[in-house]
Every structure is written in C-alpha cells, then in structure tokens.
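# Summary of structural features
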Amino acid sequence: MVEQGDIIKLSFNPQKDHEQAEFRPALVISNNVFNKNTNLAILCPITNTDNKFPLHVALDSRTQTTGVILCEHIKSLDLNARENVFVEKCPKDILDQVINIVYSQVERL
C-alpha cells in the first residue's frame, strides 16, 4: 500500500467533465493508517499545466516529477483496483503545504 507523501502514477479513468484523466502522477495525502485500514488512498493529481491557480502547489527541482499539485481535485481511490506505480517521495514541506491547503478548504465548508 502507498504511504502519505508518495508520488505515484495511476490511471484516473474514467473521468467526468473537468476531472483529470489518463495515466498521470498524483500525490498521496491520506495518512498511512487510513490507507492501510480502508484499502483506499486520498490523492491530488499533478499536471504540467500551470495556470497560477491559488490552490495549486508547484513541485521543484527536488523531485523528478514536474508540474503542480491540484489541491482542488481531491480523489479517494481504490489503488488495488487501479494500475499504479511508485515514483518518488514528495519533499515534506511541499506535502505539508498541500495538506494545509486541502484542510483549510474543508474547514470553510
């Protein structure tokens, strides 16, 4: 099972409307207890299209993965049912920034 902070590649198909699709990278933001006990993972997709949206967090030279993390496109997925591949670990400060953005948006609801 994946761990919090893993950058993986997986298939987001099928998708609807403005959702991200295809085989692409994503950041696992759910904690390890959640991942293990539910066999699910909560993810944010990563794209190379940077439109400077305030809920996007850029990856930097510390990762081989390029692009921005889409904090507004949160997905809970069964990774046992989807092809996925571990790529690398996300730097902790970037992971913390993503989690802070996600939770601050949830608190506003």
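Residues numbered from 1 in each chain as written. Predicted model: local features only at pLDDT ≥ 70, side-chain atom pairs only at ≥ 80, totals over all residues. Heavy atoms only, no water.

### Some remarks on the overall build of the protein
Secondary structure assignment for the protein yields two helices and seven strands. Going from N to C terminus, the protein has its helices and strands arranged as β-β-α-β-β-β-β-β-α. Burial status across the protein gives 43% buried among its 109 residues. When contacts within the protein are restricted to residue pairs at least 6 apart in sequence, those whose partners lie at least 24 apart make up 59%. Of the roughly 6500 Å² of accessible surface on the protein, a fraction of 50% belongs to carbon and sulfur atoms. (Helix = DSSP H or I, 4+ residues; strand = E, 2+ residues; numbered from the N terminus. Buried < 20%, exposed > 50% of the residue type's maximum accessible area, 1.4 Å probe, protein only. Contact = heavy atoms within 4.5 Å. Areas by Shrake-Rupley, 256 points an atom, 1.4 Å probe, with all protein chains shown as cover.)

### Focus on the nonpolar core
General note: in soluble globular proteins, nonpolar side chains tend to be found buried as a group. Of all hydrophobic cores here, the largest spans 17 residues; its most connected members are L27, I29, I69 and V98. Counting only elements with at least two residues in this core, the list comes to β3 (41-47) and α2 (92-108). A per-element tally of this core places α2 first, with six residues. Apart from the residues within four sequence positions on either side, I69 is in contact with L27, C44, P45, I46, L55, H56, V57, L59, I94 and V98. The next biggest cluster of nonpolar side chains, apart from the first, holds 10 residues, and it includes V2, L10, A41 and L43. (Core = buried A, V, L, I, M, F, W, Y, C linked by side-chain atoms within 4.5 Å.)

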